Amino acid sequence: MKRALLRLLAVIPVLLALSTIVFLAMRWIPGSPATSLAAGGNMNATAEEFTQSEERIRVALGLDQPLWKQYLTFLGDLVTLDFGTSFYGSNSVLKLVGEALPATIELTVAAMLIAILIGVVTGVIAAWKKDTVVDGAIRVGATVSFSLPWFALGILGVVVFGVVLGWLPIIGRLPNSLGYHPTTGFVLLDAILQNRPELVWPWVKHLILPATTLALSMAGFITRIVRTAVLEVLGDDFVRTARMKGLSESAVLRHHVLRNAALPIVTVLGLQFGALLGGSLITEMVFAYPGVGNLLVSAVHQRDYPIVQGAALAVAFLFVMVNVVVDLLYLVLDPRLRKVTA
Amino acid sequence: MTAVSDVSKTGEPAANGRVAGDEVLRVRDLHVTFDVRAGRLPAVAGVDLTLRRGEVLALVGESGSGKSALSMALVGLNRGPRTTITGSVEFNGMDLVRASDRELRKVRGNGIAVVFQDALAALNPLHRAGAQVAEMITTHRAVGKDAAWNRAIELFTDVGMADPHRAVRAYPHELSGGMRQRVMIALGLANNPDVLIADEPTTALDVTIQAQVLEVLKELQREHHTSIILITHDLGVVAEVADRIAVMYAGRIVEYGTRDQVLFDPQHPYTRGLLDVVPSLTGPVTGRLSAIPGSAVTGVERPPGCAFAPRCRLAGPECEQPVELRQRGGEQGHLDACTKEDHR
C-alpha cells in the first residue's frame, strides 16, 4: 500500500515537467493565437486596425506578459486544478478534454484488448509449435504487422471495409441520429445507465476499424514478446515438475507457464500503451473520431494554448496511470516482489 | 543385504491389484538417443535394470553418464521431437516406453514420482508450497481442494517441516533450502507412489541438511515401502542409504550389485577408479587427490567395445569387442561389464 502511494506521488513531478515542456513548446512555435483570432474578427479591417485588435487580444489573453509571468500564472492555475478556458469560445478546457477523453480511452482500450488477444494467442501457439511451419508463419505475420505503418493500414481499412464493401462506418463515433447524451462519456456504461441498448451495436461498429487498425500494428509486437517469454519459461525446471505431476499439457501451460511468462509481457504492454495512445491520436484523425487526438491537433493548428496544455496533460496522466497499474500488477503477479518495501 | 528372491511370482494378483512379486519396475534394453547438432548422441545405450519393492537403488556415475537421461526416460519426461526412446519399461503391466502421453500422465506423479535436485528452480515461484503439493493430489485423486490442502499439511509434517501450517502458505522463496527440498520430497510422496526417482536430492544442500533430508527419505521409504531410484554422484550418500548400486558409464551399466558388493568388492576398473577418487579420512595422506585419467565419453562417437577402455590402465585388444553385463568374478548377483580376466 505504501509502495502504491509512493508510486502515485512520483507521478506529480513527471506531469509537472511535461506541462512545462508543452507550455514552452507552444509559445516557441511561430504563430500566435492573437493573430488568428484577430483575423477571424473582421475580414475588412485595414492593416492598422488589424494590428490594434491583435494587440488588444494579446493583452486580453495575457500573452503580453513576460514568459516567466505567464508560466507562474499557468502553474498557479494548475495547482488549483484550473486548466483555463479555450481561446475560442467560452468552453472550459476541463469540459472539452473531459468530453473527448472517454472516446480516446475507449479506442485505446479496445485496440489494446484486440492486440492482446491476437498477440497472446499467436505468441503462445508460436512458442508451443517452435520451429515448425506454424511458428514460421506466425513470425512472418508478426513482422509484417508491426512493420506496416498504422495510418497506411487505416486507410486501407477505410477503403476496403468502408468504401468498397461498405460493411463498416468510416467516420465518427456514433451517428448523430441516435441522439447520444453522455452521462459518463463512456458509451457502453451510458448504454447501461440510460438503459439504451440500441447504442451498443453502432458504437461497436464505429470502433472496429480504428481499433483493429491500431491493434494490428501492436499485435505483432506482442506476439514476438509472448513467444520469447513463453519459450523461456518452457525451459524452466518447474515446468518439468508440472509435467512430472501428470498434468496435461494445457494445464501445464495455463497454470504454470502463462503466469510466469506474464511478467515480461505486462512490462512491455505498459510501455506499449504509450505508443498506442500516440497512435490513437493519429488514428482519430484518419477516422474523424471525436477524441483527444482530434481536439489536440485542431488546437495546435489554432494555437489554442490552454487546450493543447490540457489535452497533453490528460494523455500523459493516462499513460502514467497505466504504468502505475502495471507496477501494482507486478505485485499481484509475483509474490517475490511483495516484501521489498512493505 | 536385502533378502531378494529371483523367483518372481508373476500372474498372482496382490491385494492392491498390482502384479504380485517384488519387482516393481523392469527396464529392458533401454536406449535414449538425442539428436544433437553433431549427430545422434546415445545418452543411454542399452540398459537392463530391475527395481524391487521397497529397495533403494543408487544410480552412480559422472555427469553425462546417462543416469538422468535414463531416469527421465522411465516416465517419458525427456520425450520430444529430438529424443528417441526404445526398449521397454514395465510398470504395473504397462510398457511405459510405448505408452501414450495420456497413459503416461496417469503414471506420472502417481505411480512414479520424481524429486528434482534444485528445489528452488523445480518449484513454481508463483504458487504457494502447499498449493503445489495439493495440485499433485487433485490431479490424480477425486478429492476436494480442502482435503488436498489438509493432506499437504500432513505430508509437510511427515517430511519434518518445522511449522507445516505456515509452510504450506509460504512461497518457495520464503523457505530455506532444506525446507524447499522437503517440499519437493513431500510433492514426490503426495500420492504414495510405488517408485520415487530422486535426482540428486541433496546436491544443492549443506552437509548437515543433506543428512537430515536423507534421513527423511530413508524413514519414509521404510514406512511406505516405496522403491527409490537414487541418482547421485556422491558415494557418501550411496553408502548411507542404498540397498543396491548400479554404476553407469557412457550410457551403460558397467557394474551392478548390492551396496556391500559394489563398495567393498568393486569388479569393474571404472568402479574402482570411482572409489579411489573418494578421499579417505583414515587412510594415509598422499598429498594429491587421485583422479581417473582422461574424461568421460560424452560425444556422438562411441567405441564398439568397452567405452571405458580409452581411460583404462588395463585395457587390451579384447576390450574392443562388445561386452555385456553379467556375473563374472563377484558373488552371486554381482554383475560387471569387464572382459579382462586378470583385472582383479
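What you are looking at is a predicted structure, and each value in this text was computed from that prediction instead of being measured.

Colleague: How should I be thinking about the interface of chain B and chain A in this particular structure?
Modeller: Note on interface size: it is often stated as the accessible area lost on association of the parts. Of the residues lining the interface, 26 residues belong to chain B; the matching set on chain A comes to 22 residues. Per-residue buried area on chain B facing chain A is highest for Arg-105, Leu-126 and Glu-135 of chain B; these three make up 26% of the total on that side. Counting every contact that joins chain B to chain A gives 1 salt bridge. For the salt bridge of Glu-135 of chain B with Lys-245 of chain A, the shortest nitrogen-to-oxygen distance reads 2.7 Å. Applying the counting rule to chain B against chain A returns 10 residue pairs in polar contact (both at pLDDT 80 or more). Taken together, the elements giving at least two residues each to the side of chain B that touches chain A come down to β6 (112-115), α3 (119-122), α4 (129-140) and α7 (177-189) of chain B. The leading source of residues in the side of chain B that touches chain A is α4 of chain B, at 5 residues. Here the side of chain B that touches chain A is built from residues that sort into 14 nonpolar, 7 polar and 5 charged.

Colleague: Looking at this structure, how should I read the UniProt feature "domain: ABC transporter" (unreviewed entry) in chain B?
Modeller: In the numbering used here, UniProt assigns the "domain: ABC transporter" (unreviewed entry) feature to residues 25-275 of chain B. As annotated, residues 25-275 of chain B comprises 40% helix and 28% strand, and the C-alpha atoms at either end are separated by 28 Å.

Colleague: What's the story with the UniProt feature "domain: ABC transmembrane type-1" (unreviewed entry) in chain A in this structure? I'm lost.
Modeller: What UniProt calls "domain: ABC transmembrane type-1" (unreviewed entry) maps, in this numbering, to residues 101-330 of chain A. Measuring from the first to the last C-alpha atom of residues 101-330 of chain A gives 27 Å, for a span that is 79% helix and 0% strand.

Colleague: What is the right way to look at the domain arrangement of chain B in this model?
Modeller: All names here are of chain B. Partitioning chain B into structural domains gives domain 1 (5-110 + 196-203 + 227-336) and domain 2 (112-192). Taken residue by residue, the interface counts 19 residues in domain 1 and 14 residues in domain 2. Carbon and sulfur atoms make up 60% of the surface buried where domain 1 meets domain 2, a total of about 1400 Å² over both sides. Area buried by domain 1 at its contact with domain 2 is led by Gly-109, Asn-110 and Leu-196, which between them contribute 42% of it. Taken together, the links from domain 1 to domain 2 amount to 0 salt bridges.

Colleague: In this structure, what is going on with the pairing of strand β8 (residues 227-232) of chain B? I would like to understand it.
Modeller: Across a regular strand the side chains alternate sides, sitting on one face of the sheet and then on the other. Residue and element names in this part refer to chain B. Counting buried positions over the 6 residues of β8 gives 6, a clear majority of the element. Residues Ser-227, Ile-229 and Ile-231 of β8 are buried on one face, and the alternating residues Ile-228, Leu-230 and Thr-232, pointing to the opposite face, are buried as well. Pairing analysis gives 5 bridges linking strand β3 (residues 56-60) to β8, with the strands arranged parallel. When the bridges of β8 are listed, Leu-59 appears paired with Ile-231. Where strand β7 (residues 195-199) meets β8, 5 bridges bridge the pair, whose relative direction is parallel.

Colleague: I'm lost on the nonpolar core in this one. Help?
Modeller: Soluble globular proteins: nonpolar side chains tend toward being buried together. If you look at the biggest cluster of nonpolar residues, it comprises 80 residues, and the most contacted ones within it are Leu-30, Leu-49, Leu-70, Ile-112, Val-133, Phe-156 and Ile-229 of chain B. Counting residues per element, this core draws most heavily on α7 of chain B, which supplies 6 residues. Residue assignment places this core across two domains, with domain 1 (5-110 + 196-203 + 227-336) and domain 2 (112-192) of chain B each supplying three or more. With residues up to four places along the chain from it excluded, the contact list for Leu-30 of chain B reads Val-44, Ala-45, Gly-46, Val-47, Leu-70, Ala-73, Ile-85, Thr-86, Gly-87, Val-89 and Val-97 of chain B. Listed in part, the 67 residues of the second largest apolar core include Ala-127, Leu-214, Tyr-289 and Ala-299 of chain A.

Colleague: Would you explain the sheet that holds strand β5 (residues 94-95) of chain B in this entry?
Modeller: Where strands meet in a sheet, backbone hydrogen bonds hold them as pairs that are either parallel or antiparallel. All names here are of chain B. Read from one edge to the other, the open sheet built from 4 strands follows the order β2-β1-β4-β5, with strand pairing classed as antiparallel. Because the sheet does not close on itself, it has two edges, and the strands there are β2 (39-52) and β5. Examined bridge by bridge, strand β1 (residues 23-36) and β2 share 11 bridges and lie antiparallel to one another. Across the sheet, residue Val-36 finds its bridge partner in β2, namely Gly-39. The strands that helix α1 (residues 67-74) touches are β1, β2 and β4 (83-91); relative to β1, the one it contacts most, it runs at about 115°.

Colleague: Just checking my understanding: could you explain helix α2 (residues 11-28) of chain A for this structure?
Modeller: Note on helix geometry: an α-helix contains 3.6 residues per turn, so any two residues three or four positions apart are oriented the same way. Residues and elements named next belong to chain A. When the terminal C-alpha atoms of α2 are compared, their 26 Å separation across 18 residues agrees well with the 26 Å that a helix rising 1.5 Å per residue should span. Along α2, the residues classified as buried are Val-11, Leu-15, Ser-19, Thr-20, Val-22, Phe-23, Met-26 and Arg-27. Buried residues of α2, seen end-on, are gathered within an arc of 165° and therefore sit on one face of the element. Exposed residues on α2 whose side chains face more than 90 degrees from its buried face are Ile-21 and Trp-28.

Colleague: Where do I start with a nonpolar patch on the surface in this structure?
Modeller: All names here are of chain A. There is a patch of nonpolar side chains on the surface, built from Ile-155, Leu-156, Val-159, Val-160, Phe-161, Val-163, Val-164, Leu-165 and Trp-167 and spanning about 840 Å² of accessible area. Counting through the fold element by element, Val-159 comes out in helix α8 (residues 150-164). On the basis of relative accessible area, Val-159 is assigned to the partly exposed category, the value being 40%.

Colleague: What is the right way to read the packing of aromatic side chains from this model?
Modeller: Centre-to-centre distance and the angle between the planes together describe a pair of aromatic rings. Residues and elements named next belong to chain A. Enumeration according to the criterion identifies 8 aromatic pairs over all chains in this entry. With 5.2 Å between their ring centres and 55° between their planes, Phe-23 and Tyr-71 make a pair best called tilted. One end of the pair, Phe-23, is in helix α2; the other, Tyr-71, is in helix α5 (residues 67-79), and 48 residues separate them in sequence. On the basis of relative accessibility, which here comes to 1%, the residue Phe-23 falls in the buried class. Here a set of aromatic residues connected by ring pairs shows up, and it is made of Phe-23, Tyr-71 and Phe-74.

Colleague: Looking at this model, I keep getting lost on the sheet that holds strand β12 (residues 335-336) of chain B. Mind explaining?
Modeller: All names here are of chain B. The strand order across the open sheet formed by 8 strands is β6-β7-β8-β3-β9-β10-β12-β11, and the pairing between neighbours is mixed. The strands lining the two open edges of the sheet, one partner per strand, are β6 and β11 (326-327). Along the sheet face, α1 touches β3, β6, β7, β8 and β9 (244-249) and points at about 150° away from the line of β8. The strands touched by helix α11 (residues 269-277) are β3, β9 and β10 (252-258); relative to β9, the strand with the most contacts, the crossing angle is about 105°.

Colleague: It is not clear to me how the UniProt feature "transmembrane region" (unreviewed entry) in chain A should be interpreted in this structure. Could you clarify?
Modeller: Residue and element names in this part refer to chain A. As annotated in UniProt, the feature "transmembrane region" (unreviewed entry) corresponds to residues 107-128, 148-170, 207-226, 261-287 and 307-333 in the numbering used here. Secondary structure across residues 207-226 comprises 100% helix and 0% strand; the distance between its end C-alpha atoms is 26 Å. Strand forms 0% of residues 261-287 and helix 96%; the C-alpha atoms that close the span are 35 Å apart.

Colleague: Even after reading the chapter, I still don't get the side chain of Asp-190 of chain A, so can you show me in this structure?
Modeller: Residue and element names in this part refer to chain A. In this structure, Asp-190 sits in helix α9 (residues 187-193). Although Asp-190 is buried, it forms no salt bridge, and the closest oppositely charged side chain is Arg-173 at an N-O distance of 6.8 Å. If we skip the residues at most four places from it in the chain, Asp-190 touches Tyr-180, Pro-182, Thr-183, Thr-184, Gly-185 and Asn-195.

Thresholds applied
- Residues numbered from 1 in each chain as written.
- Chains lettered and ligands numbered in written order.
- Predicted model: local features only at pLDDT ≥ 70, side-chain atom pairs only at ≥ 80, totals over all residues.
- Heavy atoms only, no water.
- Contact = heavy atoms within 4.5 Å.
- Buried area = accessible area lost by both parts, 1.4 Å probe.
- Salt bridge = Lys/Arg side-chain N within 4 Å of Asp/Glu carboxyl O.
- Polar contact = N/O pair within 3.5 Å; in protein donor to acceptor, adjacent residues only side chain to side chain.
- Helix = DSSP H or I, 4+ residues; strand = E, 2+ residues; numbered from the N terminus.
- Nonpolar A, V, L, I, M, F, W, Y, C, P; charged D, E, K, R; others polar.
- UniProt positions renumbered as here; feature names shortened; annotations may be inferred.
- Domains from an automatic or database assignment.
- Buried < 20%, exposed > 50% of the residue type's maximum accessible area, 1.4 Å probe, protein only.
- Pairing = 2+ DSSP bridges.
- Core = buried A, V, L, I, M, F, W, Y, C linked by side-chain atoms within 4.5 Å.
- Axes fitted to C-alpha atoms, helices over the stretch in contact; angles between N-to-C directions.
- Expected span 1.5 Å × (residues − 1).
- Arc of directions from axis to C-beta.
- Patch = residues over 30% accessible without salt bridge, like charges linked within 9 Å, V, L, I, M, F, W, Y side chains within 5 Å.
- Areas by Shrake-Rupley, 256 points an atom, 1.4 Å probe, with all protein chains shown as cover.
- Phe/Tyr/Trp six-rings, centres within 6.5 Å; stacked < 30°, edge-to-face > 60°.
- Lys, Arg positive; Asp, Glu negative; His and termini not counted.

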